[in-house]
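# Secondary and tertiary structure notes
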Amino acid sequence: MFPRGDQFSTDSLSLYLYLDDSKKLRLESEKVAVMTLSILDQKNGKHWTGNAGLWVCTCAWGWSDFLGLKELKDPSGGYLVGSNCVIKADITIVGSSTDG
């Protein structure tokens, strides 16, 4: 997570999911997954979600402009309460890159 954006976006929350040790993942064992990252609305129950669709797990995936900083910091949005936000990641392995 880059709270003030990354090198590609300076006015948005940048959010990525990284494999812990991608060097241990051999090419023939790459997994195909469906990934969803969400920032939870802690006040109103409305969450902001990004869906990656099918993703071959090699290193990282995410968004440089996941959520605009203006919306993130808006107190009525509930995404940032005090200095805390809650991020949720859902990953479903649907196969392997070597599956026919």
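Scroll up to find the structure.
Described in the following lines is the structure provided in the data block. In this text, all values refer to a predicted model and were calculated from it rather than measured experimentally.

### Examining the pairing of strand β1 (residues 12–18)
β1 sits mainly inside the fold: five of its seven residues count as buried. By the bridge criterion, six bridges tie β1 to strand β4 (residues 60–68) in an arrangement that is antiparallel. Each bridged residue has a counterpart across the sheet, and for Tyr16 the counterpart in β4 is Gly62.

### Things to note about the side chain of Thr36
Here Thr36 shows up in strand β2 (residues 31–40). A polar atom in the side chain of Thr36 sits 2.8 Å from the side chain of Asn51. Residues in contact with Thr36, not counting those within four places in the same chain, are Thr49, Gly50, Asn51, Lys88, Ala89 and Asp90.

### Some words on the pattern of salt bridges
Scanning all chains against the criterion turns up one salt bridge. Linking Asp90 and Lys88 is a salt bridge whose minimum nitrogen-to-oxygen distance equals 3.7 Å. On the basis of relative accessibility, which here comes to 33%, the residue Asp90 falls in the partly exposed class. Judged by relative accessible area, Lys88 falls into the partly exposed class, the value being 39%.

Reading the values: rules and limits
- Residues numbered from 1 in each chain as written.
- Predicted model: local features only at pLDDT ≥ 70, side-chain atom pairs only at ≥ 80, totals over all residues.
- Heavy atoms only, no water.
- Buried < 20%, exposed > 50% of the residue type's maximum accessible area, 1.4 Å probe, protein only.
- Helix = DSSP H or I, 4+ residues; strand = E, 2+ residues; numbered from the N terminus.
- Pairing = 2+ DSSP bridges.
- Polar contact = N/O pair within 3.5 Å; in protein donor to acceptor, adjacent residues only side chain to side chain.
- Contact = heavy atoms within 4.5 Å.
- Salt bridge = Lys/Arg side-chain N within 4 Å of Asp/Glu carboxyl O.

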